[in-house]
Amino acid sequence: MNFNGIDFNTYFKNYPDENGYFGKYGGAYIPDDLKQAMDEITEAYYTICKSSKFISELRRIRKEFQGRPTPISHLARLSDSIGNVQIYVKREDLNHSGAHKLNHCMGEALLAKYMGKKKVIAETGAGQHGVALATAAAYFGLECDIYMGAVDIKKQAPNVARMKILGANVIEVTQGLATLKEAVDAAFEAYTKEYKDCIYCIGSALGPHPFPRMVREFQSVVGIEAREQFLEMTGELPDAVIACVGGGSNAMGLFSGFLNDPVDIYGVEPLGRGPAIGDHAASIKYGKEGIMHGFNSIMLMDENGEPAPVYSIASGLDYPSSGPEHAFLHDLGRAKYDVVDDEETVDAFFKLSRLEGIIPAIESSHAVAYGMKLAKQMTKGSILINLSGRGDKDMDYVIEKYGIR
Ligand SMILES: *Cc1c(COP(=O)(O)O)cnc(C)c1O
């Protein structure tokens, strides 16, 4: 399929290019000592991950450990409550450990093992990435150092407990505001010193090359399964696919299966409390081009070019940028990016729970909320939503803040 001058039949061969660019976005904007470490990962990725041994081992793990393929469910009652459009969800909430993140963490940890590394390193904010990586590290018998701000450690006690039970070292970062930004800095600093023995595992489709590509490819299992399952279930393709976008990994996983099809693609960003700076994390909608955390993309920045403060009810979407491929697909018009606010999200959280018996992650509830809005506008057809994770982690907060609806 041709779209705005891009041939999507050959898209995956051409994007990103060998330097990690999707058009003008992406790249690797990092100090020289880190560059060497990233180049080592890039080279290993291109050779090891294309080997049939790696591919078949990952395939076996997906099936026997993660419980893949995850199903697609038809949401008959939710669809009927809105109109004639049929809504479906891809059930990443049923992936082992309850979300899509394990898809790329297992890939990254398997790569670490093949590279002969003893350890994986990462930062975590809310702890979701830390838990997924700790799970993968335990499976492969790798050490796991998770850097986490002191403030976040207090706020996210259950995830800290999970990581520790899984055998990870949770390293407290006390500098500055002691949240995600400081944790990123501390983890990169440690990696610069220790890269001979370990690899850094980025938690979404962002960061310096090769991570946006690598994470997309590890997540593409979602889109590949979903396309095949949807065709088998309904005999046709969905009219639209929808995913929430934080850094953009679950969205790239689903979208990559449908880029070359006549299917509308929607990424949903968190509008939080509203459009004022500091009240949302809708980086593509309100941001501009810039560089942070090693890559060029669209981002929310203050006057000094520093990451702007962001907010969302969903801690997994609370990031001032999105991966470079989303910026590229946005400029191209191949995917559309829109927003839903906290209120609409909580409403969708309860609707899906009440009408379908599925408690969604508050991140995924953004995509569900948007799907419900879109279903009202369309008079017929079908929508496939990526249900990126389950909502157990969000129940206490939602009830405390919003009550039972
Ligand atoms: C982390 C997380 C997200 C956001 O991350 P992406 O990289 O944008 O997919 C979405 N849903 C859930 C359940 C998460 O844990």
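The model shown is predicted, which means the values in this text are computed figures rather than measured ones.

1. Section: the pairing of strand β8 (residues 143-149)
Right, on to step 1. Along β8, six of the seven residues are buried, which leaves the element largely enclosed by surrounding structure.
Right, on to step 2. Strand direction decides the pairing type here: strand β7 (residues 119-123) and β8, joined by five bridges, are parallel. Bridge pairing in β8 places V120 opposite C144.
Right, on to step 3. Note that the unit made of β7, helix α6 (residues 128-140) and β8 has a crossover that is right-handed.
Right, on to step 4. Note that β8 and strand β9 (residues 169-173) share five bridges and pair parallel. The residue of β9 that forms the bridge with M148 is E172.

2. Considering the environment of I224
Right, on to step 1. Structurally, I224 can be placed in helix α10 (residues 211-234).
Right, on to step 2. For I224, a relative accessible area of 53% gives the class exposed.

3. With respect to the domain arrangement of the chain
Right, on to step 1. Partitioning the chain into domains gives domain 1 (23-63 + 101-211) and domain 2 (67-99 + 220-402).
Right, on to step 2. One C-alpha centre belongs to domain 1, the other to domain 2, and the line joining them spans 23 Å.
Right, on to step 3. Opposite the 26 residues of domain 1 that make contact, domain 2 presents 29 residues.
Right, on to step 4. When the two sides are added together, the surface that domain 1 and domain 2 hide from each other amounts to roughly 2300 Å², 60% of it contributed by carbon and sulfur.
Right, on to step 5. Taken together, the links from domain 1 to domain 2 amount to one salt bridge.
Right, on to step 6. Linking domain 1 to domain 2 there are 13 residue pairs in polar contact (both at pLDDT 80 or more).
Right, on to step 7. Those elements that place two or more of their residues in the side of domain 1 that touches domain 2 are β4 (25-26), α3 (52-64), α5 (101-114), α6 and α9 (180-194).
Right, on to step 8. With four residues, the top contributor of residues to the side of domain 1 that touches domain 2 is α5.

Criteria and thresholds
Residues numbered from 1 in each chain as written. Predicted model: local features only at pLDDT ≥ 70, side-chain atom pairs only at ≥ 80, totals over all residues. Heavy atoms only, no water. Buried < 20%, exposed > 50% of the residue type's maximum accessible area, 1.4 Å probe, protein only. Helix = DSSP H or I, 4+ residues; strand = E, 2+ residues; numbered from the N terminus. Pairing = 2+ DSSP bridges. Right-handed = clockwise from strand over helix to strand, strands pointing away. Domains from an automatic or database assignment. Contact = heavy atoms within 4.5 Å. Buried area = accessible area lost by both parts, 1.4 Å probe. Salt bridge = Lys/Arg side-chain N within 4 Å of Asp/Glu carboxyl O. Polar contact = N/O pair within 3.5 Å; in protein donor to acceptor, adjacent residues only side chain to side chain.

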